[in-house]
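# Coordinate inspection notes
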Amino acid sequence: MIRWCLYFACRSRSGRLLKALNFAGKFPQLDYKIAELEKMMDHPPLKEGTSPFKGADHDVEFKNVHFGYEDTEVLHGVSLSLKQGTTTALVGESGSGKSTLAKLLVHYYDIDSGNITIGGQDITDMSLKALNDQVAFVSQEQFLFNTSLYENILIGKPAATKEEVLTAAERAQCNEFLERLPDGIKTQAADGGKQLSGGERQRISLARAILKNAPIIVLDEATAFMDPENEEKMNAALNEIVKDKTVLVIAHRLSTIKNADKICVMKEGQCIAADNHDGLMKTCPEYKKLWDASVSASTWKVRE
Amino acid sequence: MLKIMHRLMNNTGKYKGRIRASYITAFLKDLMMKAPLMLCFFCISLFMQGQMDKTKCVFLGAAVLASVILQAVFEHLSNVLQSAAGYMVFADMRLRLGDHLRKLPMGYFTEGNMGKISSVLATDMVFIEENCMGVLSELVTFIISQGIMTVMMFVMDIRLGLLSLLIVAAFVIVGNLMLKVSTDHSVIKQEAGESLTEEVLDFAEGIGIIKSYNMLGNRSKRLTDEFELSCKKSIDFEVAYGPWTRALYLTFGAGTALVLALCAYLFNTGRISDIYMVGMALFLFDMFVSIRNYYGQMARLTVTNACLDRIEEVFAAEELKDEGRNTFADTASTGPDAAEIVYDNVSFAYTDKDVLKNVSFEVKRGEMAALVGPSGGGKSTIASLLARFWDVKSGRILVEGEDIRNVSLGSLMDHISMVFQRVYLFQDTVYNNIAIGRPDAAREEVEEATKKARCYDFIMQLPEGFDTVIGEGGASLSGGEKQRISIARCILKDSSIVILDEATASVDADNERAIQEAISELCKDKTLLVIAHRLKTIKDADRIFVVSEDEITERGDHDTLCKQNGMYSHMVLLQA
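This section reports on the structure supplied with the text. In this text, all values refer to a predicted model and were calculated from it rather than measured experimentally. (Residues numbered from 1 in each chain as written. Chains lettered and ligands numbered in written order. Predicted model: local features only at pLDDT ≥ 70, side-chain atom pairs only at ≥ 80, totals over all residues. Heavy atoms only, no water.)

### Section: the overall build of chain B
Scanning chain B for helices and strands turns up 21 helices and 10 strands. Taken against the 2.2 N^0.38 rule, which gives 25 Å for 576 residues, the C-alpha radius of gyration of chain B at 35 Å runs more than 25% over that of a compact globule. Over its C-alpha atoms, taken along the principal directions, chain B stretches across nearly 115 × 55 × 50 Å. A burial count over chain B gives 48% of its 576 residues as buried. Put simply, 77% of the contacts in chain B that link residues at least 6 apart link residues at least 24 apart. When the accessible surface of chain B is totalled, it reaches about 27,400 Å², and 59% of it is carbon and sulfur. Taking the average place of the 59 positive charges on the side chains of chain B and the average place of its 73 negative ones, the gap between the two points comes to 6 Å. (Helix = DSSP H or I, 4+ residues; strand = E, 2+ residues; numbered from the N terminus. Rg over C-alpha atoms; globule rule 2.2 N^0.38 Å. Buried < 20%, exposed > 50% of the residue type's maximum accessible area, 1.4 Å probe, protein only. Contact = heavy atoms within 4.5 Å. Areas by Shrake-Rupley, 256 points an atom, 1.4 Å probe, with all protein chains shown as cover. Lys, Arg positive; Asp, Glu negative; His and termini not counted. Charge placed at Lys NZ, Arg CZ, Asp CG, Glu CD.)

Pasting the structure below:
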């Protein structure tokens, strides 16, 4: 009897040990996963103030801004001021830092040194909410939330009436394709995603920004050219929303920003010149080069 | 539940025999596991009968050793036969899937099916491969050995046999109820999981908008709600499932106790001998292990059905018919003036609604044809039909006089190059990315192509020139540079037809001119079908087709169309 008991005891003991060994293979996996989690948790959060917006006006000032992604600095001390009611364009080759500079104004990243102020108040002093109330960013991104197109526009101003939403959609030139969709503005973005072109999705984003009606607008100009067929409509829509605002345009094509109040030429992370078109054509060879390239590109034909 | 096992077996293809063979070895292994007990029983009964001697002792010892060794051998054999077969089954299935995906219309990939494909490959197949194939033969063994055990009980004593049969029946009832709970809940859990994933993706992808429109509070709440729901569903599952596992173990305990009690009663009343009593005590705890383990393992297989459903759904997507065996080389003997591309009364619909109605036109060799019109009018669709992204609903498309469906997809693709706005480069060297265009090209030809595509200079500036790896973890290229590499690929390919989305040339401003030059280089002497957005660029096209509301409404060259005072002339005025 005792032997049997021992036999069974041994069986179940070794069984447990074996079971424990079964998990051994999982430990390196667990280790890796925990390390990944810790890495993510260790990421420093954005510096965020708590004050409301108390700037005197909506002038924007970049002062000696240095910024780098991880180890490589991409902006080496950029200073630039944008006056309320004027349009400033950032031009330069890709990689010159123009998009980065614009993203800093909407506080996508913390800068390494220098400061950015709105109406004299540092953007890191105000809460993210206060900052977001002042600035609308129309990026190249074409993301729509998985709800109706109506709700996607409503995000711009959740308290808006239906009329306001529809007007914003109309001003962003959305009507032409909304009419084509069987459920119109009630179409689900997920279904609509298949039926909407990139440019059409961007016009929904634009309608959202129009509805928001923030005093400062940061605009990626490539937005306007997703659908070249609608270029002139888009330009009309843009001209309407930028009225009386502080506007910063990330410009890819020069012809559209020729009339900007100020054009800032970016090169290798620095602002090498800032003036209007005529001034730059005379004083800035880099700008002239960009302009000439742009002119010759606009006369290109697939085949002569 | 046997249905699931059957379904799994049906997916094993040519390895079916191997897996069946593993049933036998697994069964033999099981038998060998029980052998020491059996020998132990002999040993005790010999002692009790006073017949034990030295030789028998040695033999019994040797037999125990042999059974342990054989157990290891059979276990090894079943692992080799079955687990290995499991991996091979899925290796084959993945290859088959790859083959299948290659033959699907290109449209399948743009219709939001990418998620489905990746979840089938990354989750479903892996789950079955790792969790199910290895237990198939065990499950079969469990069923067989439970049967043998029950029969043995009948042999010993009819009353014991009947009792064990009753207990097995109780197991079947409890076990199946448990599996039903598990199946029902796995559907609910799956759904909760999917909607959670969607919400997380929405949140992660839309974080820029969420933050800049101050929706963090509202959106975080939705996300938290989803997490809580998913958590609740998982707990619901455990709450519903837990009692059944307990019940299964309770049946096991109660069953064992009942058999023991009956044995004791029979022994006391002298119906069975002391030797049988000892034997019973030895086997008692193994009596219902098989069926208990069967249901324990089965619970894992309940998810399998859903996995198999998804796998089969992807396999069920209709392939593009690729039965044509003609090649263009046979038919290229047509004269220089022959039409290279002919659309003959082509209609097309993605779903039910026609997006193209009776489109007819032709393009002669070396000509440039442009499709213009409002966005959403159907011009991209017309072009994508030529490359058989989809097949026409009615009518036909001829290339070199040959219906494109009668030509193998391979030779059609050799004949056409496509330049679109969206570029995909492989995580490979620059050189290999271009050589895809014509794998047998000499190095000089590849370099020549990059010069024509205006990318030679920037490639030479990369850390390792042509051998630089691009993509994640490698060198990053700007959008315009990627575009030019893809054009170099097409230049190298040197096919006679080029489909071009003209907007390609206007994506990236400072690269614009270089891309334009590259495109012009590519388009020399080709038959061109251009999806045009800006009219200026295609002003000199030989034929311009205005596509609006699913039809070609105007056709002719620039001058003719301008005189017509139609949509084209209107568009020219607007874009001036």
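We are not done yet, so read on.
### Things to note about the pattern of salt bridges
Residue and element names in this part refer to chain B. Under the definition given, this model contains 36 salt bridges over all chains. When the shortest N-O distance is used, the salt bridge between Arg222 and Glu199 registers 3.4 Å. Of this pair, Arg222 sits in helix α9 (residues 216-268) while Glu199 sits in helix α7 (residues 158-205), and the two are 23 residues apart along the sequence. By relative accessible area, Arg222 is classed as partly exposed at 33%. Assessed through its relative accessible area of 9%, Glu199 is described here as buried. The closest approach of N and O atoms between Arg365 and Glu340, which form a salt bridge, is 3.5 Å. Here Arg365, found in the loop between β2 (354-364) and β3 (368-372), pairs with Glu340, found in strand β1 (residues 339-349); they are 25 residues apart in sequence, far enough to count as distant. A relative accessible area of 1% means that Glu340 is categorised as buried. Residues joined by salt bridges that share partners form a network here, namely Glu199, Asp202, Arg219 and Arg222. (Salt bridge = Lys/Arg side-chain N within 4 Å of Asp/Glu carboxyl O.)

### Observations concerning the sheet that holds β2(B)
All names here are of chain B. Strand order in this open sheet of four strands is β2-β1-β4-β5, and the pairing throughout is antiparallel. Across the chains shown, the open sheet's two edge strands, defined by having one partner strand only, are β2 and β5 (402-403). In terms of strand pairing, β1 meets β2 through seven bridges, oriented antiparallel. The residue of β2 that forms the bridge with Val346 is Val359. Packed onto the sheet, helix α13 (residues 379-386) meets β1, β2 and β4 (394-399) and runs at close to 120° relative to β1. (Pairing = 2+ DSSP bridges. Axes fitted to C-alpha atoms, helices over the stretch in contact; angles between N-to-C directions.)

### A few points about the packing of aromatic side chains
Counting across every chain of the model gives 18 aromatic pairs over all chains. For the ring pair B:Phe389 and B:Phe420, a centre distance of 6.4 Å and an interplane angle of 85° mean the geometry is edge-to-face. Separated by 31 residues along the polypeptide, B:Phe389 in the loop between α13 and β4 and B:Phe420 in the loop between β6 (416-419) and α15 (430-435) bring together distant segments of the chain. Among the residues examined, B:Phe420 registers a relative accessible area of 26% and is labelled partly exposed. In textbook terms, an aromatic cluster arises when at least three aromatic residues are bridged by ring pairs, as seen for A:Phe67, A:Tyr69, A:Tyr108, A:Tyr109 and A:Phe137. Its end group placed over the ring of B:Tyr213, A:Lys212 keeps NZ or CZ at 4.5 Å from the ring centre. Across the ring face of B:Phe315, the terminal group of B:Arg96 is positioned such that the distance to the ring centre comes to 5.0 Å. (Phe/Tyr/Trp six-rings, centres within 6.5 Å; stacked < 30°, edge-to-face > 60°. Lys NZ or Arg CZ within 6 Å of the ring centre and 35° of its normal.)

Structural measurements only, silent on function.
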